[in-house]
Each structure stands twice: as C-alpha cells, then as structure tokens.
Amino acid sequence: MRNFTYQNRTEMIFGKDVENNVGQKLKGLAKKVLIHYGGGSVVASGLLDRIKESLNQAGVAYVELGGVKPNPKIGLVREGVALCREESVDFILAVGGGSVIDSAKAIGIGFYHEGDVWDYFIQKVSVKETLPVGVVLTIPAAGSESSNGCVITNEENEYKRSAGSKIMRPVFAFLNPELTYTLPPYQTACGIVDMFAHVLERYFTNEKGVNLTDRLCEATLKTIVEQGLAVMANPLDYNARAEIMWAGAIAHNGSLGLGRSEDWGSHMIEHEISGIYDIAHGAGLAIVFPAWMQYVHQHDLGRFVQYAEMVWGIPTEGRDEDAVARAAIEATKRFFKQLGMPISFEDGNLPTDKIEEMAEKTVENGPVGSFIKLDKGDVIRILKIAADLK
C-alpha cells in the first residue's frame with residue numbers, strides 16, 4: 001500500500017427534504033450567492049423556486065445563471081465568471097447533477113484568474129484559489145458533489161479536459177433521494193454507469209496489499225449493480241434511490257483509491273468521444289470500458305478473476321483464468337445492456353471515422369492510464385474493439 005494523505009471537507013446532508021435548509025446553511029457563509037443550474041426538471045419540479053424561497057427566508061441575496069448542458073461548456077463558464085465579478089458573488093450554489101457542479105467549480109476557480117479560465121484545463125496554470133461551492137444534488141452519477149475536480153468541454157475545438165485541486169471540493173452537499181424520482185430512465189442509467197466506472201478506475205490497479213480498499217470497491221460495485229437494477233425497475237423505490245445516491249458519492253470522493261494507483265485511461269478515451277459527439281458521459285463509458293477490459297485483461301488475469309468472483313459471483317475453481325476473465329467482461333456488458341446503455345459505437349449510433357483523431361487527442365500530453373500505459377496505437381485498438389462490440 002502506498003503512502004497517502006486524505007482529507008475531504010465536504011459536509012454531506014442526506015435524506016428527505018434536507019434541501020429546504022439550504023438557506024440556513026448559507027446564512028453566515030455568504031453575502032451573495034450565484035444559483036447555478038441547468039433548467040428543465042429543476043425549474044418544472046419547483047425545486048428552483050423552493051431554493052430561492054429558502055434563501056429569501058434566510059436573508060441571503062442571490063443571482064441566477066441557468067443553461068448548463070450535459071458535457072458542460074466553457075462558454076457558459078466564462079459567462080458565469082463575468083457575472084460573479086459583476087455582482088460581487090462570494091459563493092456558488094450548484095443545483096443539479098455533475099454537469100452543473102462541474103460548471104460551478106470551473107466558475108469558482110475562474111473568478112480569481114486574470115486570464116482565460118480554460119488555462120486551468122490545459123495545465124497552463126494551477127488552481128490556487130476558488131469561490132466556495134455548495135451543492136443541491138439532483139442526479140447521482142459523477143460524484144462531483146464531494147470530489148476534488150471538474151471536467152469541462154471547449155465547444156470551440158471539441159476538447160474535453162479536467163482540472164482539480166483539493167480546494168475544489170464543495171463546502172457542503174444536500175442529497176435528497178426523492179429529488180431523483182422524476183429522472184428519465186436514460187439519465188438514471190447513465191449515472192449508474194458513471195459511478196460504476198469511477199470504482200473500476202480505482203479497482204484495476206497494479207498495487208499489491210490493498211485488500212481493504214479492494215473489499216470496499218467490490219461492495220460498492222455490487223451495490224450499484226443490485227440497487228441500480230432495482231431503481232430501473234421501480235423509480236419510486238426510496239431505499240434503492242438512496243443507496244444509488246450514496247454509492248455515487250462514495251465512488252468518487254477519493255476514499256476508494258487510497259493507498260493505490262488509479263487508472264483513468266478509459267475516462268481519458270471517453271472524454272474524446274463525448275467531446276466530439278456530445279454523447280452522455282455514462283453512455284460513452286459503457287462503450288469504452290468493456291473494450292478496454294478486453295484489451296488489457298491478460299495484463300493481470302488474477303485481478304480480473306477476483307473481479308469475476310467477488311463482484312459477479314462467477315465460479316472460478318478449476319476454471320481457466322482467461323475464460324473467467326472474459327466471463328466477467330461479458331457480465332459487465334450484460335449489466336450495461338440491462339440498463340439500456342450502448343456497448344458499441346453501433347449501439348450509440350456513432351460514426352467511426354474519427355478514431356484516429358480521438359486517439360491523437362487522448363495521448364497528446366503523453367500516454368494515459370496506469371494499469372497499462374496506453375499510447376496512440378493502444379487507444380486506436382481499444383476504439384476499434386468498441387466499434388465492433390456486439
């Protein structure tokens with residue numbers, strides 16, 4: 001196990017109706033808040049109005065900026081930075097899912113930067129200061145409600161890049177599973193795949209002697225499978241919604257990666273798919289991850305056998321390790337298909353003419369991943385596997 005330092009400052013307030021207390025939580029923390037959101041259900045459900053009423057009752061001033069889209073765009077981030085400066089905002093409240101939270105975090109770090117906020121995402125500058133961010137979560141998926149980073153798409157050049165710092169973790173997050181009842185099935189499924197992939201990025205490690213975090217990862221993966229299918233079958237199952245909402249937070253708050261190397265190669269590849277085609281991130285991961293597994297599994301058959309046995313309950317005794325590993329990959333694909341997710345370019349209605357471009361962008365700053373370091377050729381081969389998966 002590697003040395004590590006872990007600190008997560010995010011206060012998690014979980015349960016029914018907790019979001020009604022957001023005004024009291026912000027009282028004393030902020031003089032003027034930017035309420036940042038997407039639109040659609042947050043407005044139609046009345047949640048946005050309830051948030052405003054809570055702030056009004058607490059005497060907290062606010063301004064609004066809606067319009068966040070999936071794969072949040074740098075253009076709106078720049079607009080948010082300008083608005084926060086103009087209105088002397090001192091706190092950002094993200095009301096929505098991972099896209100809204102990531103956009104809020106990007107606005108927060110851009111507020112103090114004299115140059116373009118995109119500088120953070122091309123590693124031109126590092127994050128040293130940010131406006132504080134709070135969250136009212138409506139989509140369990142990205143885990144951004146307590147993570148230390150964000151991902152933004154530059155719509156001008158179709159790049160999707162990340163920035164991160166421990167100071168970017170939100171100050172608090174309100175998590176009410178009831179707010180997820182009305183999510184469309186596709187959006188729910190994308191979120192389930194996203195959190196599942198966040199655990200896999202940590203689970204497939206070359207680190208030895210990390211049994212505790214192995215067991216934590218496996219428990220989280222099994223919970224996501226069981227409760228994810230339960231949510232899809234009955235969207236009003238509060239306990240299943242609660243389990244999924246908490247699993248999404250645990251999957252990406254950093255605790256499952258302690259003491260071990262993490263991979264993130266699949267995420268880097270997927271960023272280029274959604275950066276170019278604007279496909280939902282979870283759907284893109286459902287396409288990439290099985291292909292990545294197929295490509296790398298012989299690197300450590302023992303870990304794939306462990307994954308097969310501990311997560312999927314696949315019998316391993318006396319069986320060929322490669323066959324067991326492939327059975328685990330098939331189980332993963334089957335789960336994604338049960339959720340209604342694509343597992344190939346064809347399933348996702350994606351063209352395959354930009355595989356070379358996606359591979360080039362993936363590795364333009366060097367090889368990606370750590371389980372196996374992937375160069376351009378590796379990424380092309382993985383994408384070609386994904387193009388042929390059935």
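My aim in this report is to walk through the structure given alongside it, one point at a time.

Conventions adopted
Residues numbered from 1 in each chain as written. Predicted model: local features only at pLDDT ≥ 70, side-chain atom pairs only at ≥ 80, totals over all residues. Heavy atoms only, no water. Helix = DSSP H or I, 4+ residues; strand = E, 2+ residues; numbered from the N terminus. Polar contact = N/O pair within 3.5 Å; in protein donor to acceptor, adjacent residues only side chain to side chain. Core = buried A, V, L, I, M, F, W, Y, C linked by side-chain atoms within 4.5 Å. Buried < 20%, exposed > 50% of the residue type's maximum accessible area, 1.4 Å probe, protein only. Contact = heavy atoms within 4.5 Å. Pairing = 2+ DSSP bridges. Patch = residues over 30% accessible without salt bridge, like charges linked within 9 Å, V, L, I, M, F, W, Y side chains within 5 Å. Areas by Shrake-Rupley, 256 points an atom, 1.4 Å probe, with all protein chains shown as cover. Salt bridge = Lys/Arg side-chain N within 4 Å of Asp/Glu carboxyl O. Axes fitted to C-alpha atoms, helices over the stretch in contact; angles between N-to-C directions. Expected span 1.5 Å × (residues − 1).

### Re the side chain of Asp263
The residue Asp263 is located in the loop between helix H8 (238-251) and helix H9 (265-277) in this model. A distance of 2.9 Å separates a polar atom in the side chain of Asp263 from the backbone nitrogen of Ser370. At 2.7 Å, the side chain of Asp263 forms a polar contact with the backbone nitrogen of Phe371.

### Focus on the nonpolar core
As a rule of thumb, nonpolar side chains are buried together in soluble globular proteins. Trp292 and Tyr307 are the most contacted members of the largest nonpolar core, which has 69 residues in total. With near-sequence residues (within four places) excluded, Tyr307 lies in contact with Phe196, Leu200, Tyr203, Phe204, Leu221, Met293, Trp312, Ala328 and Thr332. Core analysis: the second largest hydrophobic core is formed by 37 residues, Val77, Val89, Ala106 and Val135 among them.

### Digging into the pairing of strand E7 (residues 159-164)
Across six bridges, strand E6 (residues 149-154) lies against E7 in antiparallel orientation. Its bridge partner being in E7, Asn154 is matched across the sheet by Tyr159. Between the end of E6 and the start of E7, which pair antiparallel, lie four residues, with Glu158 showing a positive phi angle near 60 degrees.

### Digging into a nonpolar patch on the surface
Taken together, Met1, Phe4 and Tyr6 make up a surface patch of nonpolar side chains, about 310 Å² in accessible area. Checked against the element boundaries, Tyr6 lands in the segment before strand E1 (11-14). A relative accessible area of 33% means that Tyr6 is categorised as partly exposed.

### Let's talk about the sheet that holds strand E8 (residues 172-175)
As summarised here, the arrangement of the six strands in space is E1-E8-E5-E4-E2-E3, forming an open sheet in which the pairing is parallel. Strand pairing shows two members of the sheet lacking a second neighbour, E1 and strand E3 (61-65), which therefore form its edges. The sheet shows a mean angle of 20 degrees between the axes of neighbouring strands, direction not considered. Summarising the sheet, strand E5 (residues 133-137) and E8 pair through four bridges and their orientation is parallel. Each bridged residue has a counterpart across the sheet, and for Gly134 the counterpart in E8 is Phe172. Relative to E3, helix H4 (residues 74-87) is tilted by about 155 degrees, and along the sheet it contacts strand E2 (32-37) and E3. Contacts from H8 reach E1, E5 and E8, with the element oriented near 175 degrees to E1.

### With respect to the pattern of salt bridges
Opposite charge on two side chains permits them to pair, given that their charged atoms come into close proximity. For the structure shown, the criterion picks out 22 salt bridges. Close ionic contact of Glu207 with Arg2 constitutes a salt bridge, the shortest N to O distance being 2.8 Å. Within this pair, whereas Glu207 is found in the loop between helix H6 (185-203) and helix H7 (211-233), its partner Arg2 is found in the segment before E1, the two being separated by 205 residues in sequence. Of the residues examined, Arg2 reaches a relative accessible area of 46% and is grouped as partly exposed. In this structure, Asp322 engages Arg326 in a salt bridge whose closest nitrogen and oxygen atoms are separated by 3.0 Å. Of this pair, Asp322 and Arg326 both sit in helix H12 (residues 321-338), four residues apart, roughly one helical turn.

### Some thoughts on H4
Given a rise of 1.5 Å per residue, 14 residues ought to cover 20 Å, and the 20 Å separating the end C-alpha atoms of H4 matches this to within 8%. Among all positions in H4, only Ile74, Leu76, Val77, Gly80, Val81, Leu83 and Cys84 are buried. Contact partners of the buried residues in H4: E2, E3, helix H5 (98-110) and E6. A positive phi of about 55 degrees marks Ser88, the residue just after H4.

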